[in-house]
Amino acid sequence: MKRFEFVDITTADVAFVAYGKDLNELFANAALAMFEVMINTSQIEKKEEEKVSVEGYDLESLMFNWLNELLYISDSKNLAFSEFEVKIDDKNFRLESICRGEKINHRKHETRTVVKAATYHQMKIWKEDVWKAQVILDI
């Protein structure tokens, strides 16, 4: 009889690949994908604006900081966003954005899964015909 064996158990994570014609659209679409995991973004009205700025040392760290800053704002201010106007300085790895959304109202909005954090695990950003980003969210 075996004393033990290692098994591969699927972790409770959500992964997505975002696409964009440029880095601005890629980062906006990654943010939208993350919020879609948490809430039905089609129900979010653009009533409030938040300016968000983040920096990184490469594109992956910029994505990591961007998504986690959005989670912090969402959690601390009870906001959900459905529109992201993103401007990236890819030479200095800086991102400036205006995010539009509203306060989360559980009677109005279909809420979904709580996202704890964006992770670096298997994160990659690359360009083929379009820009692509693979992201795993810890839920």
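Parameters at a glance
- Residues numbered from 1 in each chain as written.
- Predicted model: local features only at pLDDT ≥ 70, side-chain atom pairs only at ≥ 80, totals over all residues.
- Heavy atoms only, no water.
- Salt bridge = Lys/Arg side-chain N within 4 Å of Asp/Glu carboxyl O.
- Helix = DSSP H or I, 4+ residues; strand = E, 2+ residues; numbered from the N terminus.
- Buried < 20%, exposed > 50% of the residue type's maximum accessible area, 1.4 Å probe, protein only.
- Pairing = 2+ DSSP bridges.
- Axes fitted to C-alpha atoms, helices over the stretch in contact; angles between N-to-C directions.
- Contact = heavy atoms within 4.5 Å.
- Expected span 1.5 Å × (residues − 1).

Draft legend 1. Structural view of the pattern of salt bridges. Counted under the stated rule, the structure contains twelve salt bridges. Where Glu55 meets Arg94, a salt bridge forms, and the shortest distance between an N and an O atom there is 3.4 Å. On the criterion of sequence distance, the pair formed by Glu55 in strand β2 (residues 48-55) and Arg94 in strand β4 (residues 94-103) is long-range, its members being 39 residues apart. Here Lys132 ties to Glu128 by a salt bridge, and the two come within 2.6 Å at their closest N and O atoms. With a relative accessible area of 17%, Lys132 lands in the buried category. Glu128 gets classed as partly exposed once you look at its relative accessible area, which sits at 49%. Salt bridges here are not isolated pairs; linked through shared partners, they connect Glu45, Lys47, Glu102 and Lys108.

Draft legend 2. Representation of the sheet that holds β4 in the model. Pairing in this open sheet of three strands is antiparallel, and the strands run β2-β4-β3 from one edge to the other. Lying at the two open borders of the sheet, with one neighbouring strand each, are β2 and β3 (79-89). Between one strand axis and the next, the sheet turns through 20 degrees on average, direction left out of account. Taken together, the ten bridges between β3 and β4 define a ladder with antiparallel strand orientation. Pairing of Lys87 across the sheet is with Glu96, part of β4. Most of the contacts of helix α1 (residues 23-38) go to β3, to which it runs at about 160 degrees, and overall it touches β3 and β4.

Draft legend 3. View of α1. Across its 16 residues, α1 extends 23 Å between first and last C-alpha, which sits within 8% of the 22 Å expected from 1.5 Å per residue. Within the span of α1, buried status applies to Leu23, Leu26, Phe27, Ala28, Ala30, Ala31, Met34, Phe35, Val37 and Met38. For α1, the elements touching its buried residues are β1 (13-20), α2 (59-77), β3, β4, β6 (124-127) and β7 (131-138).

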